[in-house]
There are 2 protein chains.
Amino acid sequence: MRQGPTITTIAERAGVSIASVSRVLNGLPTSEATVRAVRVAAEELGYVPNSVARSLKSSRTNQVAFAMADIGNPTYVAMVRAMQPVLKDAGFRLILHSTDADIDDELDVLRRLGERYADGLIISPIRLTERHLEAFAEARAPVVVIGSVPDGTPVDNVRADSRTGLRLALDHLYALGRRRIGFVNGPLDTVPGAARARAYADALTELGLPHDPALIEIGDFYRADGAAATRRLLARTRPDALMCANDLIALGALDVLRAEGLRVPEDVAVVGTDDTDLAPVAWPTLTSVALGSAERGRRAAELMLDRLADGDAEPRVVTVEPRLVVRGSTKGTS
Amino acid sequence: MRQGPTITTIAERAGVSIASVSRVLNGLPTSEATVRAVRVAAEELGYVPNSVARSLKSSRTNQVAFAMADIGNPTYVAMVRAMQPVLKDAGFRLILHSTDADIDDELDVLRRLGERYADGLIISPIRLTERHLEAFAEARAPVVVIGSVPDGTPVDNVRADSRTGLRLALDHLYALGRRRIGFVNGPLDTVPGAARARAYADALTELGLPHDPALIEIGDFYRADGAAATRRLLARTRPDALMCANDLIALGALDVLRAEGLRVPEDVAVVGTDDTDLAPVAWPTLTSVALGSAERGRRAAELMLDRLADGDAEPRVVTVEPRLVVRGSTKGTS
DNA sequence: TTGTAGGCGTTATCAA
DNA sequence: TTGATAACGCCTACAA
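Residues numbered from 1 in each chain as written. Chains lettered and ligands numbered in written order. Predicted model: local features only at pLDDT ≥ 70, side-chain atom pairs only at ≥ 80, totals over all residues. Heavy atoms only, no water.

As annotated in an unreviewed UniProt entry, chain A carries the name LacI family transcriptional regulator and is attributed to Actinoallomurus iriomotensis.

What follows is the structure, given as structure tokens:
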């Protein structure tokens with residue numbers, strides 16, 4: 001762990017100037033003899049260029065940051081996993097920020113972009129406030145947002161299509177003869193919670209089903225909250241299907257249905273959202289609306305790379321197609 | 001996204017020298033008037049210090065890297081999740097490297113430490129070769145390894161205790177009356193595979209159970225491999241319990257047992273390893289040996305911080321205590 | 001083709 | 001208390 005050599009060290013060793021060393025290292029036209037001398041010296045000393053110095057000169061860090069609420073959430077894991085190879089292949093390192101869905105933390109991350117430790121930021125805020133929009137506008141580096149932002153926001157944007165996604169799920173349930181389709185949602189002041197509430201209502205309308213407030217319950221996006229919300233819902237009405245705003249909520253719903261002696265899917269069909277790795281593990285395996293977490297992550301990384309290549313291009317909006325993955329919780333046994 | 005102000009900009013605005021600006025910003029003794037002038041100017045211009053320049057000067061990046069095989073693996077997710085707050089609180093950013101268990105990729109990460117983009121590296125290699133050990137010795141920054149390294153390796157080391165962990169599991173199975181305890185392992189040339197193979201053999205010996213090669217099967221660490229391996233094992237013998245080298249393998253085993261019409265745990269009890277988030281989701285819920293992924297991540301981060309604070313301290317070895325989490329796949333219904 | 005020198009934004013030393 | 005100035009390691013005119 002000795003102090004690493006610099007171009008100065010190499011220059012001395014090779015008996016040339018630091019400029020020549022730099023030229024050789026960057027493949028600029030140099031005499032054969034110099035090239036050899038420098039290469040040998042660099043090799044012998046185990047030279048590795050200092051990326052910090054390089055960054056200071058080039059004002060490029062080759063780092064991209066990703067900020068999300070919680071790396072434990074399988075949705076974000078899928079995003080990170082998909083981003084990684086895209087960024088890596090382009091020579092970028094990935095910095096991870098976990099914000100615990102704390103708004104001040106998120107804003108802090110945006111503000112700190114001014115420190116120029118990263119060339120750009122991909123962020124997936126669970127709530128979207130006025131202050132976020134201001135921060136996006138003032139950001140000192142390109143920002144890509146995963147989750148819908150209002151038109152005109154000066155950032156690239158990757159969106160899920162909850163509307164179509166829930167429509168797919170409700171069509172499926174309708175086709176199976178279900179008419180009392182409950183909805184266990186997350187908090188309405190979150191980006192996904194709000195989107196999914198609208199999507200559920202729209203889908204009901206389009207299917208010509210009545211809007212029954214008794215069929216809607218709200219909790220947080222975790223298993224225990226999903227279970228509690230489902231318990232509250234079952235206490236006052238009897239649905240023949242439950243649409244859940246994410247897979248964790250759906251797992252909680254399965255827990256409660258089982259405890260209540262209700263069969264899934266015979267008595268109550270259950271659909272999750274996000275199609276996480278948990279869905280095929282659950283019992284019964286969980287039908288889930290895949291909103292394309294991995295693809296959203298991949299597309300966000302690609303948008304970032306494009307943006308870094310051309311900072312003046314118009315902000316872009318990319319919408320990822322949802323897909324319904326049918327499993328045992330709505331159909332048959334498995 | 002205009003060009004950000006530097007201390008030079010502020011110095012001009014405030015009518016002082018850059019030295020004074022730096023002093024104010026770093027809280028060094030300065031006259032009241034200068035402090036005020038600088039603060040006002042910095043505020044008005046929205047100044048944010050450039051971390052790259054700071055790093056060049058201080059040769060500190062305030063970044064720590066973590067290299068693992070695959071961020072999709074729940075074990076690593078647990079580690080990352082636990083590291084994050086420790087590093088963050090200490091003012092460090094976390095860089096993620098996903099190596100796909102590719103040895104050259106891992107060695108590359110180690111070599112690139114010479115670029116000084118991070119102050120240290122936490123690495124969890126799935127295989128450990130001679131070249132790894134050499135690379136550890138030559139690393140240009142502190143390295144913390146998660147997974148046992150030979151004594152004398154000049155790195156801090158966080159270990160799981162597979163031996164005790166498997167012993168806990170086999171004791172549990174033994175106490176339940178199981179005597180033909182099969183073992184579905186991962187590849188023997190991996191760090192966990194090798195450790196768990198030894199641990200299983202030792203536990204059998206200590207329990208006075210015979211070593212029956214027919215009871216051992218090897219696949220890769222994924223669900224499908226676990227299923228295939230279990231199928232091979234069942235084709236030649238009939239265990240009354242299956243110890244699995246990780247939770248994914250155990251899920252595969254559950255799949256096959258169910259398909260074969262064998263009841264879990266009545267006919268065959270199943271135990272996983274790592275106690276990932278999947279264990280409580282599986283059906284039946286999966287008894288699993290918790291090797292403390294989260295704690296290993298946390299401890300690794302702490303060792304790194306200590307090392308960065310005192311580079312000359314002796315290399316440390318930390319072993320994390322295992323714990324058996326009993327669920328439905330070995331006992332009762334749940 | 002090569003070397004000298006200036007600068008990227010900070011911090012820190014040294015006189016004044 | 002303050003300002004001029006020299007690093008940190010690299011890249012790149014510009015001159016030779």
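So, next bit.
## Regarding the domain arrangement of chain A
Residues and elements named next belong to chain A. The following threshold applies: Where each domain begins and ends is defined by an automated method or by a domain database. By convention, the term buried area covers the 1.4 Å-probe accessible surface removed from two parts as they join, with the contributions of both added. Salt bridges are counted wherever a side-chain nitrogen of Lys or Arg sits within 4 Å of a carboxyl oxygen of Asp or Glu. Polar contacts here mean pairs of N or O atoms no more than 3.5 Å apart (in protein, one a potential hydrogen donor and the other a potential acceptor; neighbouring residues in sequence count only if both atoms are side-chain atoms). Runs of E in the DSSP output that reach at least two residues are strands. Runs of H or I that reach at least four are helices, and both are numbered from the N terminus. Residue polarity is assigned by list, with Asp, Glu, Lys and Arg as charged and Ala, Val, Leu, Ile, Met, Phe, Trp, Tyr, Cys and Pro as nonpolar; anything else, Gly included, falls into the polar class.
Domain boundaries in chain A define domain 1 (7-49), domain 2 (60-160 + 293-322) and domain 3 (162-290). Of the roughly 1000 Å² buried at the junction of domain 2 and domain 3 (both faces included), carbon and sulfur atoms supply 56%. Considering only the surface of domain 2 that becomes buried against domain 3, I126, R127 and P322 emerge as the three largest contributors, covering 45% of it. Remark: the boundary between domain 2 and domain 3 carries one salt bridge. Notably, a salt bridge pairs D189 with R127, separated by 3.0 Å at the nearest N-O pair. At the surface where domain 2 touches domain 3, the tally comes to three residue pairs in polar contact (both at pLDDT 80 or more). Mapped by element, the contributors of at least two residues to the side of domain 2 that touches domain 3 are α5 (74-89) and α12 (293-309). Residue contributions to the side of domain 2 that touches domain 3 peak at three residues, all from α5. A breakdown of the residues in the side of domain 2 that touches domain 3 according to their chemical character gives six nonpolar, three polar and five charged.

## Brief notes about the nonpolar core
Short version of the rule: In plain words, nonpolar cores are sets of buried Ala, Val, Leu, Ile, Met, Phe, Trp, Tyr and Cys residues tied together by side-chain atoms within 4.5 Å. Working definition: with a 1.4 Å probe on protein chains only, accessible area under 20% of the residue-type maximum means buried, over 50% means exposed, and in between means partly exposed.
Judged by nonpolar contacts, the single largest core of 92 residues is most densely connected at V270(A) and V270(B). In this structure, F66(A), L94(B), L305(B) and V320(B) belong to the second largest nonpolar core, which totals 54 residues.

## Some remarks on the UniProt feature "domain: HTH lacI-type" (unreviewed entry) in chain A
Condition: UniProt positions are given in the numbering used here, feature names are shortened, and annotations may be inferred rather than shown by experiment.
Under the local residue numbering, the UniProt record ascribes the feature "domain: HTH lacI-type" (unreviewed entry) to residues 5-58 of chain A. Taken end to end, residues 5-58 of chain A has its terminal C-alpha atoms 21 Å apart, with 70% of it in helix and 0% in strand.

## A word on the protein's contact with DNA strand D
Under the convention used in this document: The nearness test applies per residue and asks whether one of its heavy atoms lies within 4 Å of the molecule or strand.
The immediate surroundings of DNA strand D are formed by 24 residues, with I7(A), Y47(A), S20(B), S31(B) and T34(B) found nearest. Considering DNA strand D, the proportion of its atoms within 4 Å of the protein that are sugar or phosphate atoms stands at 59%. In the model, a phosphate oxygen of DNA strand D is placed 3.1 Å from a nitrogen or oxygen of the S17(B) side chain. With respect to DNA strand D, the side chain of S20(B) contributes an N or O atom lying 2.6 Å from a phosphate oxygen. At the level of elements, α2 (18-25) and α4 (51-58) of chain A together with α2 (18-25) and α4 (51-58) of chain B are the ones that each hand at least two residues to the surface near DNA strand D. Per-element accounting of the surface near DNA strand D gives the leading share, four residues, to α2(B). For the surface near DNA strand D, the per-class residue count stands at 10 nonpolar, 10 polar and four charged.

## Here's the deal with the protein's contact with DNA strand C
Taken together, 22 residues sit near DNA strand C, with S20(A), S31(A), T34(A), Y47(B) and K57(B) positioned nearest. Among atoms of DNA strand C positioned within 4 Å of the protein, sugar and phosphate together represent 59%. In the model, a base nitrogen of DNA strand C is placed 2.8 Å from a nitrogen or oxygen of the R23(A) side chain. At 3.3 Å from a phosphate oxygen of DNA strand C is found a side-chain nitrogen or oxygen belonging to N26(B). For the surface near DNA strand C, the elements supplying multiple residues, two or more each, are α2 and α4 of chain A together with α2 and α4 of chain B. Taken together, the residues that form the surface near DNA strand C break down as nine nonpolar, nine polar and four charged.

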